[in-house]
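Notes for the structure review
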Amino acid sequence: MKNFIILGGGAAGILLAMKLAPKKQKMNINITLIDCKSFFEYTPSLISVLYESTDEQFEKHYNNITMDYKTFLEPLGIHFILGVLHDIDNENVIYNNNDQEIQRIPYDILVICTGSSYSDPWKIPSPCQQNNNTTLQWKNERFQFLRDQREKYKTSNKILCIGAGAVGTELVTEIAYRSPEKQIILVNASNKVLSGTPQDLIQSGERILNTIPSIQLISGEQIEPIHNDHVYKTTKTHTEIKNVDLVYSCIGIQPNTQFLKKSHSDWLDDKNYIRVNAFFQVEQHEEDKPIFAIGDVNNIKEPKLWFTAHIQTIHLFHHLERVFFFNHHDHHPYQGAKLSMIISMGPSYGIGSLNDGITILNGWPLNKNKGSKLAAMIKHIVERVTMNDFHSKKIMNDVLYTTHEKGHWIPKLIDKLTHSSPSLIDHSTTTSSSSS
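Quick look at the structure, then. (Residues numbered from 1 in each chain as written. Predicted model: local features only at pLDDT ≥ 70, side-chain atom pairs only at ≥ 80, totals over all residues. Heavy atoms only, no water.)

**Examining helix H7 (residues 166-178)**
Residues spaced three or four apart along an α-helix point in a common direction, a consequence of the helix completing one turn every 3.6 residues. When the terminal C-alpha atoms of H7 are compared, their 18 Å separation across 13 residues agrees well with the 18 Å that a helix rising 1.5 Å per residue should span. Three or more residues of H7 are buried, namely Gly-168, Thr-169, Glu-170, Leu-171, Val-172, Thr-173, Glu-174, Ile-175 and Ala-176. (Helix = DSSP H or I, 4+ residues; strand = E, 2+ residues; numbered from the N terminus. Expected span 1.5 Å × (residues − 1). Buried < 20%, exposed > 50% of the residue type's maximum accessible area, 1.4 Å probe, protein only.)

Written out as structure tokens, the structure reads:
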């Protein structure tokens, strides 16, 4: 049997493992998933978790968005290894185990799903680093870290948030709803909040933020600390913000490719994303054993979202079925996803754009200054589907793929009725060669 190794158990890795598991005998593969965490965490819900009304609700909600990898994967016949990735050679994945010993596991097919990292506390830094020391991550340690972050929030009166993308916008509106007595300053380098989203979402987001009394929105400015950690100043108007108790950085995203830099820097582009072709195969890898990269870690030109990671995963699964296991030659390059996104505006409202903006949820006309309750409901449903409530994860992602991957006939029909979309592959750095 072939060794099929999945590196990383986030959005893409866990879904790929679930899709492959029922067919592993037919495909003649042994599946192993390696992660430096012992548990899965649905990161997009962390904001609503961190600011829950009570400590009991905080703990309950966090437990509801996490699960133990070994407990979940072993009944599916998938082997789980807790380890920190060190390198890849032509035959093996090299990692450190719990005893900090170097281990090797051979692969025949390898899929890199190591995701991305941003500032604390929204994602665990890769490779599970604390104080620059490479460590494994256990759920109880993560929960304690988040509880400490929650205590900082509870004792703060003046909060500065840097960046008004989706994370920053969700953060400030959640805090404003939970703790209206706290003063919140949201500083955004762009002149628009939610930059890069459909114009309707930008307008709705700005309107809602500007109607919340406890939020001060400063756009078109960057900010830097002066004197000490409690005083900050904007870079254009030199506005001083004093007595800051807590700062959240909601900018920047880094692909988790550190383990490739020593031996495979030629696989990476100038932003350290893995360069892949239209079939997600690593371009610079020319050995017989195929290596793929999906999700946040690759250089496909589309937003780095859990949604797009899921669409890429389903596409790769079908490609592997056709080409590598059933020897079909009808290759279907990935053509990108029609985007659907929901942004929370507090626990009870949200704004959303479905299927590239064909449907907009913004609370119009009665709640346009608060947002849409339907959007908030969809956000909750997405969380529960992601956690596989009622065994819904695979089937719902199959439906989303069918209706959102641009190469499928349904999105093609929608495109003809609306507009055509450019290719999401950067042809200046990738090729259109087949992965077979």
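**Concerning the pairing of strand S23 (residues 350-354)**
Counting buried residues along S23, four of its five residues qualify, which places the element largely inside the surrounding structure. For S23 and strand S24 (residues 359-361), the ladder comprises three bridges, and the chain directions are antiparallel. Residue Ser-353 lies in a different strand from S24, and its bridge partner there is Ile-360. With antiparallel pairing between neighbouring strands as the criterion, S23 and S24 make up a hairpin whose turn holds four residues, including Asn-355 at a positive phi of roughly 55°. (Pairing = 2+ DSSP bridges.)

**Quick notes on the layout of surface pockets**
Its boundaries defined by the atoms lining it, the largest pocket holds a volume of some 1,600 Å³. Along its surface, the largest pocket is lined by 47 residues, and Ala-166, Lys-304, Leu-305, Trp-306 and Met-341 are the ones closest to its centre. Contributions of two or more residues to the lining of the largest pocket are made by helix H3 (46-50), H7, helix H10 (306-325), strand S22 (341-344), helix H11 (373-386) and helix H12 (393-404). No other element matches H11, which puts six residues into the lining of the largest pocket. Grouping the amino acids of the lining of the largest pocket by side-chain chemistry returns 29 nonpolar, twelve polar and six charged. The volume enclosed by the second largest pocket comes to roughly 300 Å³. Lining of the second largest pocket is provided by 17 residues; of these, Ser-48, His-61, Ser-344, Pro-347 and Lys-379 occupy positions nearest its centre. Elements with a contribution of two residues or more to the lining of the second largest pocket: H3, H7 and H11. Here the residues of the lining of the second largest pocket are counted per class, giving four nonpolar, seven polar and six charged. (1 Å grid on protein atoms, 1.4 Å probe; cavity = no way out; pocket = protein on both sides within 12 Å on 5 of 7 lines; lining within 4 Å. Points joined across faces, edges and corners; volume = space filled by probe spheres on them. Nonpolar A, V, L, I, M, F, W, Y, C, P; charged D, E, K, R; others polar.)

**Focus on the nonpolar core**
Among the nonpolar cores identified, the biggest contains 109 residues, and Phe-4, Leu-7, Ile-88, Ile-112, Leu-171 and Tyr-248 are the most heavily contacted of them. Tallying contributions element by element places H10 first for this core, with eleven residues. Beyond its immediate stretch of four places on either side in the chain, Ile-88 contacts Leu-7, Tyr-107, Leu-110, Ile-112, Phe-259, Leu-260, His-264, Trp-267 and Ile-291. (Core = buried A, V, L, I, M, F, W, Y, C linked by side-chain atoms within 4.5 Å. Contact = heavy atoms within 4.5 Å.)

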